[in-house]
Amino acid sequence: MGAQLRVYRRRIKSVQSTKKITKAMELIAASRIAKAQARMRAARPYAEELTRALAAVLQDGSLKHPMLTGVESPRRVGVLVITSDRGLAGGYSANALKAANELAATLEGEGKEVVRYVIGRKGTSYYNFRRLPIAGSWTGFSEQPSFADIRDATELLEFSLTATSEGEVTRGEETTAGIDELYLVYTQFKNSVTQVAVAEQLSPVKSATESAAKAEGEASPEGTEAEESVSYEFEPDPKELISALLPRYISSRIFSALLESAASESAARRRAMKSASDNATELISTYTRLANQARQAEITQEISEIVGGADALSAAGSDE
Amino acid sequence: MATMHVELVSVEKALWSGEATAVFARTPEGELGILPGHAPLLGALAPGWVVRIDRVDESSVKVAVHGGILSVRKDGVSVLGEIAEFGDEIDVARARAALEAASGDSPEDLAARNRALSRLRAAGETV
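Values in this document were obtained by computation on a predicted structure and should not be read as measured data.

*Asks:* Explain the pattern of salt bridges to me, using residue names and the numbers behind them.
*Replies:* Under the counting rule described, the total for this entry stands at 16 salt bridges over all chains. A:Glu143 is the partner of A:Arg86 in a salt bridge, and the nearest nitrogen-oxygen pair spans 3.2 Å. With a gap of 57 residues between them, A:Arg86 in the loop between β1 (76-82) and α2 (92-109) and A:Glu143 in the loop between β3 (136-138) and α4 (151-163) connect regions that are remote in the sequence. Taking relative accessible area as the criterion, A:Arg86 reaches 37% and is therefore assigned partly exposed. The partner of B:Arg119 in a salt bridge is B:Glu85, with the nearest N and O atoms 2.8 Å apart. Placement of the pair is B:Arg119 in helix α2 (residues 107-122) and B:Glu85 in strand β7 (residues 76-86), with a sequence separation of 34 residues. Its relative accessible area of 22% is what places B:Arg119 among the partly exposed residues.

This is the structure in structure tokens:
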């Protein structure tokens, strides 16, 4: 076999095995999208009930809590970014980090200090590489998150928010400063083709829900109006109840964002792996064609050598 | 006998829903029984205790609810928990070990102790 042909054959083999891997990853990601969507649906009842309960308590407008009304002049702002643990998901993590950087730039422009919290190995290494301080990072569960995985994260955020920028949080041996506001950057799952990295305000809850209601326009309030007119008994009284409800509300929001991000991550990975598989198919057909050409050239050359040899021999014979 | 619709919901999924004759829970103010037709109520569940649901067609069930909220509306009762476990699914030996391990005064230990207590109570152990 000629050298050229051997090189092509080797290339084809290597691309074929790469394609096997990307194809398998594509299929796994596709099945994980469906699973993640099912988990998003399963988590919805809790979030809805909790939102309803919170709305009921908030009928009393005089309630005060750092997580609800915020502080007068917020100094330190937390930004929690949800990224993936593994790469090979196209621009998934990069888009979330870009959104986080834009948010951080805006907040710093307002004179606030940004405190970064990260979920996912990609985000952690991004900030570490740029030597930006991280107040908390949690990794190892971005594709299939469970609530137990983020308990540590939600606890730290809850304590930090309760402490506000005046106070400090001591957990184990580490002491971190508190924060006044909390933003969340995650990737919204619109459908399996479109995922958008968005930044949302989580705390203080009041201004966050107000701005969300404004963004949604007048579509939503009508349905909730009838619900809110029910007068509830509260046990314990609203002041204490709100301090139990708010952390749950925030951690439920973080958890549903995490589930949505997991679905987005799988969708992004499926797309990236699909285009990689398509590319591999194209490469294989190109190389096959080139290999065939090389093989044919080799045969042609051999024939012309034989013919040339035979001619030379017969010419030599006729001379005698 | 009058019944009401009860839903038991954890952060990750809805665990159980169906008809029940009564729900017993404990808020920081004290033990509380909900019968059909109860006035709308919103309560935080006291950590370390359990919720008992008297189901209509099945036996009554005790649930260890951690970080729980109880919401009673005209159309039914919802028990929300960050984590909720049925009494018969609980590993008693593990909960006992967790209870003994968490003897300190730090917030983490306190939370762990409450979790272990509610698990043991749900499993029907005396603590």
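Let us keep going from here.
*Asks:* Before we move on, can you summarise the environment of A:Arg116 with the specific residues and values?
*Replies:* By the element assignment, A:Arg116 lies in strand β2 (residues 113-119). Setting aside anything within four residues of it in sequence, one finds A:Arg116 in contact with A:Val79, A:Ala104, A:Glu108, A:Tyr127, A:Leu132, A:Pro133, A:Ile134, A:Ala135 and A:Gly136.

*Asks:* Explain the packing of aromatic side chains to me, using residue names and the numbers behind them.
*Replies:* Applying the stated criterion across every chain, the model contains five aromatic pairs over all chains. On the numbers, 6.1 Å between centres and 40° between planes, the contact of A:Tyr8 with A:Tyr287 is tilted. Of this pair, A:Tyr8 sits in helix α1 (residues 3-57) while A:Tyr287 sits in helix α7 (residues 238-319); the two residues are 279 residues apart in sequence, bridging distant segments of the chain. Take A:Tyr8 and A:Tyr287: they sit in the same class, and that class is buried. For the cation-ring pair, A:Arg130 lies above A:Tyr126, with the distance from its terminal atom to the ring centre recorded as 3.9 Å. One residue, B:Arg121, lies across the ring of B:Trp49, its end atom 3.7 Å from the ring centre.

*Asks:* An account of the nonpolar core is needed here, citing residue identities and associated values.
*Replies:* For soluble globular proteins, nonpolar side chains are generally found buried alongside one another. Within the largest apolar cluster, 56 residues are counted, with the highest numbers of intra-cluster contacts made by A:Leu80, A:Tyr117, A:Trp138, A:Ile150, A:Leu245 and A:Ile250. Sorting the residues of this core by element identifies α1, β1, β2, α4, β6 (181-189), β7 (195-203) and α7 of chain A together with β4 (41-44) of chain B as the ones contributing at least two each. Here this core takes 14 residues from α7(A), the largest share from any one element. Those residues within four positions of A:Tyr117 in sequence are excluded, and the remaining contacts are A:Gly78, A:Val79, A:Leu80, A:Val81, A:Ala135, A:Gly136, A:Trp138, A:Leu156, A:Leu157, A:Ser160 and A:Ile179.

*Asks:* Give me the interface of chain B and chain A: which residues, what numbers.
*Replies:* Each partner contributes residues to the interface: chain B has 31 residues there, and chain A has 31 residues. Between chain B and chain A, roughly 2,600 Å² of surface is buried when both sides are summed, and carbon and sulfur atoms account for 62% of that area. The tally of links between chain B and chain A comes to one salt bridge. Linking chain B to chain A there are nine residue pairs in polar contact (both at pLDDT 80 or more). Among the elements of the structure, β1 (4-10), β2 (14-27), β3 (30-34), β4, β6 (61-73), β7 and α2 of chain B are those that each provide at least two residues to the side of chain B that touches chain A. With six residues, the single largest contributor to the side of chain B that touches chain A is β6(B).

*Asks:* Just give me the short version of the sheet that holds β6(A), but keep the residues and values in it.
*Replies:* All names here are of chain A. What the five strands build is an open sheet, ordered β3-β2-β1-β6-β7; its pairing is mixed. For this open sheet the edge positions go to β3 and β7, each flanked by a neighbour on one side alone. Between one strand axis and the next, the sheet turns through 20° on average, direction left out of account. For β6 and β7, the ladder comprises eight bridges, and the chain directions are antiparallel. Residue pairing across strands places Tyr186 opposite Val198, the latter belonging to β7. Those strands touched by helix α3 (residues 121-129) are β1, β2 and β3, and its axis lies near 140° from that of β2.

*Asks:* Describe the confidence of the model for chain A, and please don't skip the residues or the numbers.
*Replies:* Considering every residue of chain A, the mean pLDDT works out to 87; 92% of them sit at 70 or more. A low-confidence stretch, residues 218-227 of chain A stays under pLDDT 50, and its non-local contacts, those more than four residues away or across chains, total two contacts.

*Asks:* A description of a nonpolar patch on the surface should follow, citing residues and the corresponding values.
*Replies:* Taken together, the side chains of A:Ile299, A:Ile303 and A:Val307 define a hydrophobic patch exposed on the protein surface, amounting to about 240 Å² of accessible area. Looking at the secondary structure, you find A:Ile299 in helix α7.

*Asks:* An account of the pairing of β4(B) is requested, with residue identities and associated values reported.
*Replies:* Alternating residues of β4(B) divide into B:Leu41 and B:Gly43 and B:Leu42 and B:Ala44, and every residue in both groups is buried. Of the strand pairs in this sheet, strand β8 (residues 233-235) of chain A and β4(B) are connected by three bridges, and their pairing is parallel. Each residue of the ladder has a partner; that of A:Glu235, found in β4(B), is B:Gly43. Here β4(B) runs beside β6(B); their pairing, made up of four bridges, is antiparallel. Looking across to β6(B), one finds that B:Leu42 is bridged to B:Ser71.

*Asks:* Explain α3(A) to me, and be specific about the residues and the numbers.
*Replies:* All names here are of chain A. The complete set of buried residues in α3 reads Gly123, Thr124 and Tyr127. One side of α3 holds all its buried residues, which, seen down the axis, span an arc of 100°. Those residues of α3 that are buried are in contact with β1, α2, β2 and β3. Positive backbone phi, approximately 55°, marks Arg131, located one or two places after α3.

*Asks:* Requested: an account of the packing of α2(A) against α3(A), with residues and values cited.
*Replies:* Residue and element names in this part refer to chain A. One way to put it is that α2 packs onto α3 with a least axis distance of 10 Å and a crossing angle of 55°. Here α2 is positioned oblique relative to α3, judged by the angle of their axes. In this structure, α2 meets α3 at a crossing whose hand is right-handed. Packed against α2, whose contacting residues are Ser93, Leu97, Ala100 and Asn101, the element α3 presents Lys122, Gly123, Tyr126 and Tyr127 at the interface. Each residue belonging to the contact of α2 with α3 can be placed in one class, and the counts come to four nonpolar, three polar and one charged.

Cut-offs applied
Residues numbered from 1 in each chain as written. Chains lettered and ligands numbered in written order. Predicted model: local features only at pLDDT ≥ 70, side-chain atom pairs only at ≥ 80, totals over all residues. Heavy atoms only, no water. Salt bridge = Lys/Arg side-chain N within 4 Å of Asp/Glu carboxyl O. Helix = DSSP H or I, 4+ residues; strand = E, 2+ residues; numbered from the N terminus. Buried < 20%, exposed > 50% of the residue type's maximum accessible area, 1.4 Å probe, protein only. Contact = heavy atoms within 4.5 Å. Phe/Tyr/Trp six-rings, centres within 6.5 Å; stacked < 30°, edge-to-face > 60°. Lys NZ or Arg CZ within 6 Å of the ring centre and 35° of its normal. Core = buried A, V, L, I, M, F, W, Y, C linked by side-chain atoms within 4.5 Å. Buried area = accessible area lost by both parts, 1.4 Å probe. Polar contact = N/O pair within 3.5 Å; in protein donor to acceptor, adjacent residues only side chain to side chain. Pairing = 2+ DSSP bridges. Axes fitted to C-alpha atoms, helices over the stretch in contact; angles between N-to-C directions. pLDDT = per-residue confidence, 0-100. Patch = residues over 30% accessible without salt bridge, like charges linked within 9 Å, V, L, I, M, F, W, Y side chains within 5 Å. Areas by Shrake-Rupley, 256 points an atom, 1.4 Å probe, with all protein chains shown as cover. Arc of directions from axis to C-beta. Parallel < 35°, antiparallel > 145°, perpendicular 65-115°, else oblique. Left-handed = near helix turned anticlockwise from the far one by under 90°. Nonpolar A, V, L, I, M, F, W, Y, C, P; charged D, E, K, R; others polar.

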